[in-house]
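Understanding the architecture of this molecule
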Amino acid sequence: MDVLLWLTLLFLLLYYWFDTARAKEAAVVYGKKACHDMSVQFLDDSVVRYRTRFRRGYSGQMVFERFFKFEYTLNGQDRVQGFIQMLGKQLKQIDIDDPEIKQRSDNSQHSPRLFLHTEESHAVRSRAEERPDRIH
């Protein structure tokens, strides 16, 4: 019985580790794309996970919600932080929030704060639309 308990624990730890690695790889891809779309440079080719918690996904199942930080630069000298929020393996939000980008984006079609959903259109969904079967 002890062996079964330890094997189950080991399996759960390995699953969490591999799932987090896949989410991190996806976050890097989304960060690079967002930086490219905003005409800024994605730095260090990496993201850092700083928070993980359980949340209900868009399908109603419990999934890990992970928060990542990344750095980008506008001019090649200054580092600015951006944030990525993943719900399971789906992108929930990318936040590139900097006064210089806001000023540049006021004159263009890009928004400094991007809310993206990979399964559907790139429109912002309210919480009521996330779970239409649930009354808020």
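So, here's what we can say about the structure.

Each value, and the rule that gives it
Residues numbered from 1 in each chain as written. Predicted model: local features only at pLDDT ≥ 70, side-chain atom pairs only at ≥ 80, totals over all residues. Heavy atoms only, no water. Helix = DSSP H or I, 4+ residues; strand = E, 2+ residues; numbered from the N terminus. Buried < 20%, exposed > 50% of the residue type's maximum accessible area, 1.4 Å probe, protein only. Contact = heavy atoms within 4.5 Å. Areas by Shrake-Rupley, 256 points an atom, 1.4 Å probe, with all protein chains shown as cover. Core = buried A, V, L, I, M, F, W, Y, C linked by side-chain atoms within 4.5 Å. Pairing = 2+ DSSP bridges. Phe/Tyr/Trp six-rings, centres within 6.5 Å; stacked < 30°, edge-to-face > 60°. Lys NZ or Arg CZ within 6 Å of the ring centre and 35° of its normal.

It is worth spelling out the overall build of the protein at this point. Across its full length, the protein holds three helices and six strands. Taken from N to C terminus, the helices and strands of the protein fall in the order α-β-β-β-β-β-α-β-α. Sorting the 136 residues of the protein into buried and exposed places 35% on the buried side. The contacts in the protein between residues at least 6 apart in sequence include a share of 47% that link residues at least 24 apart. Total accessible area on the protein stands at roughly 9300 Å², and carbon and sulfur atoms take up 55% of it.

Turning to the nonpolar core, a few remarks are in order. Grouped together as the largest cluster of nonpolar side chains are 18 residues, with contacts concentrated most on C35, V47, F68, F70, Y72, I84 and I96. Where this core is concerned, the elements lending two or more residues are α1 (2–37), β3 (62–73), β4 (80–87) and β5 (90–95). Counting residues per element, this core draws most heavily on α1, at five residues. Those residues in contact with F70, other than ones at most four positions away along the chain, are C35, F42, S46, V47, V80, Q81, G82, F83, I84 and I96.

Before going further, it helps to spend a moment on the pairing of β5. Burial runs high along β5: five of the six residues are buried. As defined by bridge partners, β4 adjoins β5 across five bridges and the pair is classed as antiparallel. Considered in β5, the bridge of I84 is made with I94. Where β4 folds back onto β5 in an antiparallel hairpin, the turn is made up of two residues, including G88, whose phi is positive at roughly 70°.

Take V63: it is sitting in strand β3. Taking the C-alpha atoms as reference points, V63 and L87, separated by 24 residues in sequence, lie 6.8 Å from one another. Leaving out residues up to four positions away in the same chain, V63 has contacts with R53, F54, R55, R56, G57, L87 and G88.

Attention now moves to the packing of aromatic side chains. In this description, a pair of aromatic rings is defined by centroid distance and the angle of the planes. Inspection of every chain in the model, using the stated rule, returns seven aromatic pairs. A centroid spacing of 6.1 Å and a plane angle of 45° characterise the contact between Y50 and F67, whose relative ring orientation is tilted. Residue Y50 is found in strand β2 (residues 48–56), and its partner F67 is found in strand β3; the two are separated by 17 residues along the sequence. Y50 gets classed as partly exposed once you look at its relative accessible area, which sits at 39%. Aromatic side chains F70 and Y72 sit 6.1 Å apart centroid to centroid with 40° between the ring planes, which places their arrangement in the tilted category. Among the residues examined, F70 registers a relative accessible area of 2% and is labelled buried. Among the residues examined, Y72 registers a relative accessible area of 0% and is labelled buried. Members of the aromatic cluster, connected to one another through ring pairs, are Y16, F54 and F64. Cation over ring: K69 sits above Y50, and NZ or CZ is 5.0 Å from the ring centre.

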